[in-house]
Amino acid sequence: MDVASPPRYRRYSRAGPVPATGSELPAYSRRNTLAAPLQPPRDPTEHLFQLVGNNGKAWATLKVFSSAKSARSLPTFYEKEKVNGCVELHLKGGDCISAVDVRITGRVITGAHSDGAMTFLDLSTPVWGKSSEGSSRTPSPTDSNKLTGRHTLPFSISLPRTVDITTKTDTQTFPLPETFLERDSLVTVQYDITVTLSRGKLRADSHITTAFGYVPSSRPDTPSILRQYAYTHNLPLSGPDADPQGWHCSDPIMVSPPKSKSKTKSGTVSCVFSLPKPLCYTRGSVIPCMLTLEGNDTAAVDALCSPGSIAVSLQRRIRYSSKKSKAKETLEDCGTATWWPSGSSQSTSHRRYMEGEFRLSKDLRSTSDIGCFSVSYSVVLNPFTALGKADPNTKPLAIVPVEIATMHAKGPRAQFYAPPAYELSRQSRDTCDIPYMTMPGTFGQRPF
């Protein structure tokens, strides 16, 4: 499903409580995207980076062909893709090039000095040299070991899927992390392509450098059979009672209503928080969640099952370190879940079922770890509140680590279930409030 298009909703098959407006939820039809014809692959986008002489004309051009949607964006490459391009030279007499090399680097940068950067990827490929053959060029009439005139020198470099990082104690293998660059963050993950035009001794070399975006290919495992069946046939999701193998359930948590001062057993309610397995979800998609509330005090149960009293957030943790500094970390809420009374599980006066979901932004950075830098996520059940917002001074009731992937799981796509009236009453966004920097383009999600 195109994450940029408006979501589609199902209509409940049974009557249930509705928001305070009292109006019946309208019916929505869902288009069958699985039957849509496959789109032909898009031609690679050409990016140009040039060195201009004193006459205002380009004498060296780096062309890079990538999967970016626009030539105005930085080049973007996905896992298993090659970095393809060419170097075009227009050299006049007196300006001879003795070697042309292309270098690809990946760095974690935590400061302005060299000790604040760690290079985890360094690939160098000679494009032309004294022994190079097969390039499209006109030989120099004066020196066959140097380039003059017009030349087109192609290159193709394969990016590895993993890198080995050596520490003082051992060597570990990590997947290449996704490009990470945010305006308010003190750490970045940056990839660069650098072309070096060597002139030999006593003459300065020339360089063309551009950053590029890298997106790894990560995919959740296949969900449970009942969950796939619900997505395929536009049916409500089966809860933990009907699909115990498809849900991760917390241990029962004893809670009290936000305004209740009662410490007796009659004023407490047993709460079970559930997330669907596997605990890995695709950005631009959705995280379903469920709450089961049970207690003898119906007033306490009623107070807790109000959608505005449930505060569940998606929390992002960024950890990083450098050679001369201790590890640091930042925490950021990336959205809150929308809640509504369940339309698929049968509630009673003493046992209530609530359904919820997170709308994941398509711009969320995926889960990654490369030793000195990591991005991780958790779903946090905060204490119930009358305002529907978490109190930062209180301890969470439950924390469930989850992963954010870049590709959809095999099988039917996850569907959005929140009724429009509840979705419109949201009190916060489902995206990180930290803006993602552009240089000058952003690195989007590949349309798999």
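Residue numbering note: each chain is counted from 1, following its sequence as written. For this predicted model, a pLDDT threshold of at least 70 governs which residues receive local features, and a threshold of 80 or more governs which side-chain atom pairs are given and counted, while totals over whole chains, interfaces and linings are taken from all residues. With hydrogens and water stripped out, all remaining heavy atoms of the structure feed into the side-chain values.

**A few points about the environment of Arg-150**
Link 1 in the chain: Structurally, Arg-150 can be placed in strand β8 (residues 149-158).
Link 2 in the chain: Judged by its relative accessible area of 59%, Arg-150 is exposed.
Link 3 in the chain: With 58 residues separating them in the primary sequence, Arg-150 and Lys-92 have C-alpha atoms 8.6 Å apart.
Link 4 in the chain: Here a polar contact is recorded for every N or O atom pair within 3.5 Å, except that within protein the pair must consist of a potential hydrogen donor and a potential acceptor, and residues adjacent in sequence are included only if both atoms are side-chain atoms. Within the local environment of Arg-150, its side chain forms a polar contact with the side chain of His-90, the two groups lying 3.5 Å apart. Every helix listed is a DSSP run of H or I at least four residues long, and every strand listed is a run of E at least two residues long, numbered separately from the N terminus. Only protein chains enter the accessibility calculation, which uses a 1.4 Å probe; a residue whose area is less than 20% of its type maximum is buried, one above 50% is exposed, and one in between is partly exposed.

**Structural notes on the packing of aromatic side chains**
Link 1 in the chain: Classification of ring pairs uses Phe, Tyr and Trp, with its six-membered ring standing for Trp, and accepts pairs whose centres are within 6.5 Å; under 30 degrees between planes counts as stacked, over 60 as edge-to-face, and the remaining range as tilted. This structure, assessed with the given rule, holds six aromatic pairs.
Link 2 in the chain: When the centroid spacing of 5.5 Å and the interplanar angle of 85 degrees are considered together, the rings of Phe-77 and Phe-212 count as edge-to-face. Of this pair, Phe-77 sits in strand β3 (residues 76-78) while Phe-212 sits in strand β12 (residues 206-215), and the two are 135 residues apart along the sequence. No difference in accessibility class separates Phe-77 from Phe-212, as the two residues are buried.
Link 3 in the chain: When the ring of Tyr-231 is compared with that of Tyr-417, the centres are 6.4 Å apart and the planes differ by 35 degrees; the resulting orientation is tilted. Note that Tyr-231 is positioned in helix α1 (residues 225-232) and Tyr-417 in the loop between β24 (398-405) and α3 (420-423), a separation of 186 residues in sequence.
Link 4 in the chain: Taken together, the ring pairs in this structure connect Phe-77, Phe-120, Tyr-191, Phe-212 and Tyr-214 into an aromatic cluster.

**Some points on the nonpolar core**
Link 1 in the chain: Ranked by size, the top nonpolar core spans 77 residues in total, and within it Val-100, Phe-120, Leu-197, Phe-273 and Phe-373 carry the most contacts.
Link 2 in the chain: Ignoring any residue separated from it by four or fewer positions in sequence, one finds Leu-197 in contact with Leu-51, Trp-59, Ala-60, Val-87, Leu-89, Ile-97, Ala-99, Val-100, Asp-205 and Ser-206.
Link 3 in the chain: Core analysis: the next-biggest nonpolar cluster, separate from the first, contains nine residues, Tyr-231, Val-286, Trp-340 and Tyr-417 among them. Residues belong to a common nonpolar core when they are buried Ala, Val, Leu, Ile, Met, Phe, Trp, Tyr or Cys residues joined through side-chain atoms within 4.5 Å. Two residues qualify as a contact provided that any one of their heavy atoms is within 4.5 Å of a heavy atom in the partner residue.

**Some words on the sheet that holds strand β6 (residues 117-128)**
Within a sheet, adjacent strands bond to each other through the backbone by hydrogen bonds, running parallel or antiparallel.
Link 1 in the chain: In this description, strands pair whenever DSSP reports at least two bridges between them. Pairing is mixed in the open sheet, where five strands are placed in the order β3-β12-β11-β5-β6. With one partner strand each, in any of the chains shown, β3 and β6 form the two edges of the open sheet. Going across the sheet, the axis of each strand differs from the next one's by a mean of 25 degrees, ignoring polarity.
Link 2 in the chain: Direction of pairing for strand β5 (residues 99-109) relative to strand β11 (residues 188-198): antiparallel, over a ladder of 11 bridges. Each residue of the ladder has a partner; that of Val-108, found in β11, is Val-189. For helices, the fitted line uses only the C-alpha atoms of the stretch in contact; every axis is such a line through C-alpha atoms, and the angle between N-to-C directions lies from 0 to 180 degrees.

**A word on the confidence of the model for the chain**
Link 1 in the chain: Scored from 0 to 100, pLDDT reflects the predictor's confidence in each residue. In the predicted model, the chain carries a mean pLDDT of 81, and the fraction of residues at 70 or more is 77%.
Link 2 in the chain: A low-confidence stretch, residues 427-448 (pLDDT under 50), is modelled with 69 contacts involving residues beyond four sequence positions or located in other chains.

**Considerations on α1**
Link 1 in the chain: Taken together, the buried positions of α1 are occupied by Arg-227, Gln-228, Ala-230 and Tyr-231. Around the axis of α1, the buried residues are gathered within 160 degrees of arc, so they sit on the same side.
Link 2 in the chain: Buried residues belonging to α1 abut β15 (269-276) and β17 (286-294).
Link 3 in the chain: The first or second residue beyond α1 is Asn-234, which carries a positive phi of 55 degrees. This arc corresponds to the set of directions leading from the helix axis out to the C-beta atoms.

**Points about unusual backbone geometry**
Link 1 in the chain: Following Lys-277, the chain continues to Pro-278 via a peptide bond in cis, the omega torsion being -10 degrees.
Link 2 in the chain: As for its placement among the helices and strands, Pro-278 is situated in the loop between β15 and β16 (280-282).
Link 3 in the chain: With a phi angle near 80 degrees, Lys-80 is a residue other than glycine that sits in the positive phi range.
Link 4 in the chain: By the secondary structure assignment, Lys-80 is in the loop between β3 and β4 (82-91).
Link 5 in the chain: At Asn-234, a residue that is not glycine, the phi angle is positive and equals roughly 55 degrees.
Link 6 in the chain: Note on placement: Asn-234 falls in the loop between α1 and β13 (247-249).

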